[in-house]
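Fold and contact review
The lines below spell out each chain.
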Amino acid sequence: PHHIRHNIMMDREFLFGELKASEAALSSWLDVAKRLGSDCAKGLSDADVQRRRKTWGYNELQISKEEPLWKKYIGQFNDPLIMLLLASAFISVCTKQFDDAFSITVAIFIVVTVAFVQEYRSEQSLQALSQLLPPRCHCVRDGIMQELLARELVPGDVVHFSLGDRIPADIRLMEATDLQVDESSFTGETVPAGKHALQQSSSCTEISQMRNIAFMGTFVCGGHGKGLVINVGERSEFGGVFKMMQNEESPKAPLQKSMSSLGKQLSFYSLCIIAVIMLLGWVQGKKLLSMFTIGVSLAVAAIPEGLPIVVTVTLALGVIRMTKKHAVVKKLPVVETLGCVNVVCSDKTGTLTLNKMEVTDVYTSARQQATITSTSSSMEARVGGEGGGGTLLSSPPAGSCVLCEGRPVSSRSHPGIIKVVEVATVCNNAQLRDGKILGSPTEGAMLAVTSKLGLYGLRDQFVRTDERTFSSEQKWMAVRARRRCNSLTEPPEEEHAWYMKGMLDVVLKHCSSMQDGRAITSKDKDHFRAKTKEFGAEGLRVVAMATGPDLNKLAFVGMMCMWDAPRPGVCEAVSRLQRGQVDIKMITGDSQETGEAIGEERGEGGKKGRTHTTHTCSSQAGALAGWLQPVHVRGGTGNILSSAAPTLCATDLCLLSS
């Protein structure tokens, strides 16, 4: 029949026509669905899934087949020094020196067995960790929403995802509502990427340019959406990176290089000794066999059969110490490699800090400054009230922790400060779920300020009608919102307005006036820039706020300053590394002043040191070498890379090891 022949042709096209992410981005999702032979409403049938799985396999990354235990044990003998000891044991047997042969053989088996047992335990621990929580996803099949293991997906599946979900495969978006995806695993950019379902008009080769594709391994940190699976497993972009890493040959540890060199040298010297002794015996007219025996005995005696035992036991003790520190070491020589590190490149956010932003100051266009003290118990008690009842308090809540010139802040006494908080809350995609703030840490910190001020349900007073998502290129975000009721600080006749937040200089370009209505002057802009540098010198991140009916004629309302609390133990770790003559490089996307202040606080840099700032990334060795000139720090040398480009990649940092 015609419909059967049509299905066979479609399957044949599907099976042999692999769809790349760049191609899917340039096609509408309807065209992608046709090419994949998928029903966007009902999804795939079980028969379709089974047929496609025969071609595409499971949605998982294929790790090379595990070697049998006996082969792993035999592999421990593949070491120049072990091979030399085996040769000396064999020669000892041939020369009837059985005591030496026995002691050497015992030493060899002790070394090999200890190394094998330790590495086997580490592999078992890693395997157990990988199976703790297999990823799951929500997929539509036969018209029914199902929760499946991510490994069961095939191209053509319709997948739904929302805040907090992990993207299970490469997906061409069909719907995207305020969708924000963390693509830092690909791009290094900590700011979430805004996504949409529209067809892209221009060609795109970089992952950061494909705004209608959600990539495997990334995380949803705002909004929700659904889409069609276009690639799974090793055919995905993440799988391509995985295969590249699999093809890379693991470099030898410094200890392995040293032991290999020692084995080769001992072998060379042993042969030289045998040759010299035989030559001397030949000159003196003695029997070559007896001279050969003497030479072999001396060569065997020169081989330190106890050295491998000492090295292996020492490394095993190091592994045990690392295990007590909750670290799994797969290969014994890796322990020694840690002691050879002389450069540490560390990201700031989430590594040196907790990645938990907290607003400390609010500065208005009227030059009022409010200080927000950190009272975690109070904040936790009030965060749960966001969106709970739509109540705006005109007087400060009991135990208020937001003060301006020593007075508690309220909507009546400080409307300018409340306006800054209002803009930060409306232009915000963070959400509250079960008393916890989900989304961007920066937006979560802004949302927490409303609870500290008692402005419960402030965002519920507004209905969002449009949004311009944040990107690393434009450095601002804006939403257009309509108020359900009159705001405390807005006249009732203004029903729609734009609310913008972002980098100060970028926001100022969109501003034509101040909040009080007067025109903004260059003197005003210089003042706010100076304040931004002042806050940055204290280690604070500054976000500017503006609002108005026209996106290009906004009124500047003020700034919020926040900081990322340091991770406990970081300062001590940095001090110990510096005492060990280890250079430390801190890489951050913050401004130069903020980078210097944080480096000073962590012990990696000072205000008098040099901080290298760049807004573009090049893979050229010369460019990176220019960024990594040493700067003076307390107790050693180090670096701060501020405003580092998100695409700063591991291949660039490998230059530091040369």
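A brief look at the structure comes next. (Residues numbered from 1 in each chain as written. Predicted model: local features only at pLDDT ≥ 70, side-chain atom pairs only at ≥ 80, totals over all residues. Heavy atoms only, no water.)

Structural notes on the overall build of the chain
Going by this rule: Going along the chain from the N terminus, every DSSP run of H or I of four or more residues is numbered as a helix, and every run of E of two or more is numbered as a strand. Each residue gets one of three labels from its accessible area relative to the maximum for its type: buried under 20%, exposed over 50%, partly exposed in between, using a 1.4 Å probe on protein chains only. When checking whether two residues touch, look at their non-hydrogen atoms; a contact exists if any pair is within 4.5 Å. Per-residue and other accessible areas were derived by the Shrake-Rupley procedure at a 1.4 Å probe size, with only the shown protein chains allowed to occlude residues.
If you tally the helices and strands in the chain, you get 23 helices and 24 strands. By residue count, 43% of the 658 residues in the chain fall in the buried class. If you take every contact in the chain between residues at least 6 apart in sequence, the share linking residues at least 24 apart comes to 68%. Surface exposure of the chain reaches about 33,900 Å², of which carbon and sulfur atoms provide 57%.

As for the packing of helix α10 (residues 254-283) against helix α11 (residues 288-302)
Helix packing for two helices is described by the angle between their axes and how far apart those axes are. Our working definition: With axes taken as lines fitted to C-alpha atoms, and helix axes fitted only over the stretch in contact, angles between N-to-C directions fall between 0 and 180 degrees. When describing relative orientation, an angle under 35 degrees is termed roughly parallel and one over 145 degrees roughly antiparallel, while 65 to 115 degrees is termed roughly perpendicular and anything else oblique. Whether a crossing is left-handed or right-handed is set by the direction in which the near helix is turned from the far one by less than a right angle, anticlockwise for left-handed and clockwise for right-handed. Each residue is assigned to one of three groups, with Ala, Val, Leu, Ile, Met, Phe, Trp, Tyr, Cys and Pro labelled nonpolar, Asp, Glu, Lys and Arg labelled charged, and all others, Gly among them, labelled polar.
Packing of α10 against α11 brings their axes to within 8 Å, and their N-to-C directions diverge by 150 degrees. Relative to α11, the element α10 lies roughly antiparallel. Where α10 crosses over α11, the handedness of that crossing is right-handed. Contacts from L266, S270, I273, I274, I277, M278, G281 and W282 in α10 reach L288, M291, F292, I294, G295, V296, L298, A299 and A302 in α11. Looking at the contact of α10 with α11 residue by residue, the class counts come to 14 nonpolar, three polar and no charged.

Thoughts on a nonpolar patch on the surface
Selection criterion: Patch definition: residues above 30% relative accessible area lacking any salt bridge, with like charges linked at up to 9 Å and the nonpolar side chains Val, Leu, Ile, Met, Phe, Trp and Tyr linked at up to 5 Å. Put simply, a salt bridge is a Lys or Arg side-chain nitrogen that is within 4 Å of an Asp or Glu carboxyl oxygen.
Among the surface-exposed residues, L279, W282, V283 and L288 lie close enough to one another that they form a single nonpolar patch of about 460 Å² accessible area. Top element by residues in the nonpolar patch is α10. It accounts for three residues. Relative to the elements of secondary structure, V283 occurs in helix α10. Residue class for V283 comes out exposed when judged on its relative accessible area of 60%.

Quick look at the packing of helix α16 (residues 415-426) against helix α17 (residues 441-452)
Close contact between α16 and α17 brings their axes to 9 Å; oriented N to C, the two are set at 130 degrees. When the interaxial angle is binned, α16 and α17 end up oblique. Relative to α17, α16 is oriented so that their crossing is left-handed. Between α16, through V421, A424 and T425, and α17, the contact on the second element is made entirely by M446, L447, V449 and T450.

A short note on unusual backbone geometry
With phi around 70 degrees, R367 is a residue other than glycine that occupies positive phi space. Tracing the sequence through the fold places R367 in the loop between β9 (353-364) and β10 (369-372). Under the relative-accessibility criterion, R367 is labelled partly exposed at 42%.

What about the nonpolar core?
Quick note on the threshold: Nine residue types can take part in a nonpolar core, namely buried Ala, Val, Leu, Ile, Met, Phe, Trp, Tyr and Cys, and a core is a set of them joined through side-chain atoms within 4.5 Å.
Formed by 33 residues in total, the largest nonpolar core has its most connected members in V359, V362, V409, L453, Y499, M545 and M560. Those residues in contact with V359 that sit more than four places away from it in its chain are I372, A445, M446, V449, M560, C561 and M562. Counting 27 residues, the second largest nonpolar core, distinct from the first, contains F77, A115, M259 and V319.

Some details on the packing of aromatic side chains
Just so we agree on the cut-off: Aromatic contacts are taken between Phe, Tyr and Trp rings whose centres are within 6.5 Å, Trp giving its six-membered ring; a plane angle under 30 degrees counts as stacked, one over 60 as edge-to-face, and the others as tilted.
In the structure shown here, the tally under the stated rule is eleven aromatic pairs. For the pair Y73 and F116, a centre-to-centre distance of 5.4 Å together with 85 degrees between the ring planes defines the contact as edge-to-face. Taken together, the residues span a long stretch of sequence, with Y73 in helix α5 (residues 69-75) and F116 in helix α7 (residues 98-130) at a distance of 43 residues. Judged on exposure class, the residue Y73 and its partner F116 are both buried. For the ring pair F462 and Y499, a centre distance of 5.7 Å and an interplane angle of 80 degrees mean the geometry is edge-to-face. Residue F462 is located in strand β15 (residues 462-468), and its partner Y499 is located in strand β17 (residues 496-502); the two are separated by 37 residues in the primary sequence. By relative accessible area, Y499 is classed as buried at 0%. Here the aromatic cluster, defined as three or more aromatic residues joined through ring pairs, consists of Y73, F77, F109, F116 and Y120.

Looking at α11
Keep this limit in mind: Helices are assigned an expected span. That span is 1.5 Å times one less than the residue count.
Here α11 is 15 residues long and its end C-alpha atoms lie 21 Å apart, about the 21 Å a rise of 1.5 Å per residue gives. All buried positions along α11 are accounted for by M291, G295, V296, A299 and V300.

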